[in-house]
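Residues per chain, in single letters:
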Amino acid sequence: MTDSNHHIIFHANSADLEEQELGPYGLQSLITETDEIHMTAYRVTVRPHATTAVGYHEAAEEIYYVISGAGEAVLNGKSQPLQPGDFLRLPPGTTHGFITGKQPLVMLDIHSPGSRPNRDIYFIDSPPDGFTENN
C-alpha cells in the first residue's frame, strides 16, 4: 500500500528530463524533491575536459553506476579509472571528485538518505557554481 503523497515514478526516457547545470555537472533529478521519500537519484553528466571539486556527504551513502563515457574517480585521494559498467559505493564521509578527458562521463547517482545540491553536500575547497555548501 502506498501513501497518497508517494507514487511509482517511471521515466520512459530520462534524457528528456530537464538538466540543471552546476559547474562542470549536468544534473537530471530522477526523483523530484516533492516525490522524495528516503533517497535521491540523478543522471549525472560530467562535462569533457573537467576536474570537479572534491566533496563528501556526512549522512548519505552514495552509489554511482557508469552509463557511458570514461574518466577517473578520485576517492579519498586515490585515482580509479572509470568506464561503462563500473559501479561505485561510497560510504558517508568518502571524499570524491571526477576527472574527464575528451568524452563526457554519464552516471546514475543514488543517495540514501537523499542529498540535493543544497543538502548534505560539503566541499574540501569552494563549491562549484550552483551548489550551496551546507545547510
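In case you missed it, the structure is sitting above this.
One structure accompanies this document, and this report is about it. As the structure is a computational prediction, the values presented were derived from the model and not from experiment.

Things to note about a nonpolar patch on the surface
- Together, Tyr65, Ile67 and Phe87 make up an exposed nonpolar region whose accessible area comes to about 300 Å².
- With respect to the element layout, Tyr65 can be found in strand β5 (residues 61–68).

Considerations on the nonpolar core
- Core analysis: the largest hydrophobic core is formed by 20 residues, its most contacted members being Val46, Leu82, Leu88, Phe98 and Met107.
- Contributions of two or more residues to this core are made by β2 (25–29), β3 (40–46), β5, β6 (71–75), β8 (87–90) and β10 (105–112).

Regarding the packing of aromatic side chains
- The full count for this structure, using the stated rule, is four aromatic pairs.
- Their ring planes at 70° and their centres at 5.9 Å tell us that Tyr25 and Phe131 sit as a pair that is edge-to-face. Of this pair, Tyr25 sits in strand β2 while Phe131 sits in the segment after β11 (122–123); the two residues are 106 residues apart in sequence, bridging distant segments of the chain.
- Among the residues examined, Tyr25 registers a relative accessible area of 10% and is labelled buried.
- Between the aromatic rings of Tyr56 and Tyr122, the centroid separation amounts to 5.3 Å while the plane-to-plane angle is 15°, which identifies the pairing as stacked. Of this pair, Tyr56 sits in strand β4 (residues 55–56) while Tyr122 sits in strand β11, and the two are 66 residues apart along the sequence.

The rules behind each value
Residues numbered from 1 in each chain as written. Predicted model: local features only at pLDDT ≥ 70, side-chain atom pairs only at ≥ 80, totals over all residues. Heavy atoms only, no water. Patch = residues over 30% accessible without salt bridge, like charges linked within 9 Å, V, L, I, M, F, W, Y side chains within 5 Å. Areas by Shrake-Rupley, 256 points an atom, 1.4 Å probe, with all protein chains shown as cover. Salt bridge = Lys/Arg side-chain N within 4 Å of Asp/Glu carboxyl O. Helix = DSSP H or I, 4+ residues; strand = E, 2+ residues; numbered from the N terminus. Core = buried A, V, L, I, M, F, W, Y, C linked by side-chain atoms within 4.5 Å. Buried < 20%, exposed > 50% of the residue type's maximum accessible area, 1.4 Å probe, protein only. Phe/Tyr/Trp six-rings, centres within 6.5 Å; stacked < 30°, edge-to-face > 60°.

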